[in-house]
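Observations on chain architecture
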Amino acid sequence: MRCLLIYYTGTFNTRFLTSKLKGRLEREGWEVDVHEIDPLDNRRLDYSPYDIIGLGHPIYGYCAPWAFLKFIRAQKFPRGLRAFIYKNSGETQHANDASSKYFLRKLRRDGVKTENEYHFLMPYNIHFRFDEKLVKEMLTMDEKLLDILVYEVKNRIPNIKRYKLWPRIVSSVVSRPQYIGGDVNSFLYKVDKDKCIDCNLCINRCPTKNIFRDTEGTIKFHHHCLMCMRCSLFCPKDAIHIGFLEDWGWKVNGGYDLKKIEQMEPGDPIITDKTTGFFKCYIETYANINRRHKEIFGDTD
Ligand SMILES: Cc1cc2nc3c(=O)[nH]c(=O)nc-3n(C[C@H](O)[C@H](O)[C@H](O)COP(=O)(O)O)c2cc1C
Ligand code: SF4
Ligand code: SF4
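Residues numbered from 1 in each chain as written. Chains lettered and ligands numbered in written order. Predicted model: local features only at pLDDT ≥ 70, side-chain atom pairs only at ≥ 80, totals over all residues. Heavy atoms only, no water.

Turning our eyes to something else, we now look at the overall build of the protein chain. Counting its secondary structure elements, the protein chain contains ten helices and nine strands. The C-alpha radius of gyration of the protein chain comes to 20 Å, within 12% of the 19 Å expected for a compact globule of 301 residues. Reported as C-alpha extents along the three principal axes, the dimensions of the protein chain are approximately 60 × 50 × 40 Å. Taking all 301 residues of the protein chain together, the buried fraction comes to 50%. For the protein chain, restricting intrachain contacts to residue pairs at least 6 apart in sequence, the fraction spanning at least 24 positions comes to 78%. For the protein chain, the accessible surface area stands at approximately 14,900 Å², while carbon and sulfur atoms represent 52% of it. The positive charge centre, built from 48 side chains, and the negative charge centre, built from 39, are 6 Å apart in the protein chain. (Helix = DSSP H or I, 4+ residues; strand = E, 2+ residues; numbered from the N terminus. Rg over C-alpha atoms; globule rule 2.2 N^0.38 Å. Buried < 20%, exposed > 50% of the residue type's maximum accessible area, 1.4 Å probe, protein only. Contact = heavy atoms within 4.5 Å. Areas by Shrake-Rupley, 256 points an atom, 1.4 Å probe, with all protein chains shown as cover. Lys, Arg positive; Asp, Glu negative; His and termini not counted. Charge placed at Lys NZ, Arg CZ, Asp CG, Glu CD.)

Let us now look at the site of ligand 1. Taken together, 23 residues sit near ligand 1, with Thr9, Thr11, Thr14, Ile59 and Asn88 positioned nearest. A distance of 2.9 Å separates a nitrogen atom of ligand 1 from a polar atom in the backbone of glycine 61. Between ligand 1 and asparagine 96, the relevant distance is 2.9 Å, taken from a nitrogen atom to a side-chain nitrogen or oxygen of the residue. Contact with the protein chains covers 95% of the free accessible surface of ligand 1, which is 650 Å². When each cavity is represented as a set of grid points, ligand 1 is found to reside in the largest pocket. Within the residue set of the shell around ligand 1, elements represented by two or more residues are helix H1 (13–27) and strand E4 (82–89). (Near = heavy atom within 4 Å. Polar contact = N/O pair within 3.5 Å; in protein donor to acceptor, adjacent residues only side chain to side chain. 1 Å grid on protein atoms, 1.4 Å probe; cavity = no way out; pocket = protein on both sides within 12 Å on 5 of 7 lines; lining within 4 Å. Sits in = over half its atoms within 2 Å of the grid points.)

This part takes up the layout of surface pockets. By volume, the largest pocket amounts to about 780 Å³. Taken together, 38 residues make up the lining of the largest pocket; nearest its centre are Ile59, Tyr60, Gly61, Ile126 and Trp250. Those elements that provide at least two residues to the lining of the largest pocket are H1, E4, helix H5 (165–185) and helix H8 (243–247). Per-class residue counts for the lining of the largest pocket are 22 nonpolar, 15 polar and one charged. There is about 550 Å³ of room inside the second largest pocket. Together, 19 residues line the second largest pocket, and His119, Lys161, Thr285, Asn288 and Ile289 are the ones closest to its centre. Those elements that provide at least two residues to the lining of the second largest pocket are strand E5 (113–121), helix H4 (132–154) and helix H10 (281–297). Ranked by residues supplied to the lining of the second largest pocket, first place goes to H10 with seven residues. Grouping the amino acids of the lining of the second largest pocket by side-chain chemistry returns five nonpolar, seven polar and seven charged. (Points joined across faces, edges and corners; volume = space filled by probe spheres on them. Nonpolar A, V, L, I, M, F, W, Y, C, P; charged D, E, K, R; others polar.)

Mapped onto the secondary structure, serine 89 falls in strand E4. What serine 89 contacts, discounting residues up to four positions off in sequence, is Ile59, Asn96, His119, Phe120, Leu121 and Met122.

Next up on the list: the nonpolar core. Counting residues in hydrophobic clusters, the biggest one holds 41 residues, and the most contacted among them are Leu25, Phe84, Tyr86, Phe130, Leu149 and Tyr282. For this core, the elements supplying multiple residues, two or more each, are strand E1 (2–7), H1, E4, E5, H4, helix H9 (258–263) and H10. No other element matches H4, which puts eleven residues into this core. Counting 30 residues, the second-largest nonpolar core is a separate cluster that includes Ile6, Leu69, Ala98 and Leu107. (Core = buried A, V, L, I, M, F, W, Y, C linked by side-chain atoms within 4.5 Å.)

Now for the site of ligand 3. In the vicinity of ligand 3, the contacting residues are Cys206, Pro207, Thr208, Asn210, Ile211, Cys225, Leu226, Met227, Cys228, Met229, Arg230 and Cys231. Here ligand 3 occupies the largest cavity. Each residue belonging to the shell around ligand 3 can be placed in one class, and the counts come to nine nonpolar, two polar and one charged.

Below is the structure:
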């Protein structure tokens, strides 16, 4: 089988997941190519060498990121091409369920057979920082979900949900502000000169070249921001003010070293039947992954 993994990433969680998935599929004897979406280049790709494509995206505002949607809409997929979705996000509330609905519609119009869809767990790059021990536990669940994905996709066992009405409505309502939110919000972005060490990391890494220096050397922002959080998450001095998101207390600074975290020793379970509050939704997610894994691989408790 020849497979192309196409993904968009802001802060590299989806890149990490894609490299794991690539390794898994190659171990099955598949030939796997990878295309990371460059938001400034939506050229059509040649899909003729491929039997199947995998589409990876983080969830932004209960939807796929605008840059990802634009790329998919610009493509012409051959009829009959097989596809699967591997999305990821920090929460698993059902409000996120319909996050792939817009591009699924486009895929169906092109005659692409989208048979499988999986929601992986990755830490928030916005809102609040996840504890590393929890991230370790999430990555362990992701490994199980990768087992399930590879088994089902390889054996053509469909796994695609029918979205309920209310997540579809949530996705429609919240996704719209997401499309323009970055452009508007970037009027409020600024760099704290006292903290900044002029490393240029933010300028060099911004996926839309939205950050520049004016003639006086001051760091400024254009207004074509994806709200990907790459600049503010990785700024070594936490010098970037990200507008209303920061005013809401939603800025996270400092990336997650996922390679290091996955090497950590497993600790006591963090999500349990007694978990309440924000992470309560993980109970159902873990249970679904464990149940399906057991059905396929006959795990013993
Ligand atoms: C603008 C924005 C909106 C987000 N919205 C959601 C959301 O609706 N639901 C969710 O679970 N996570 C949300 N997240 C968190 C990301 O989906 C999560 O951190 C993801 O792993 C980031 O992937 P990346 O590093 O490949 O960009 C959001 C992140 C950003 C930057
Ligand atoms: S990444 Fe941070 S410290 Fe480096 S140039 Fe940008 S604002 Fe300054
Ligand atoms: S300005 Fe920052 S948040 Fe906006 S696209 Fe560039 S790196 Fe991403």
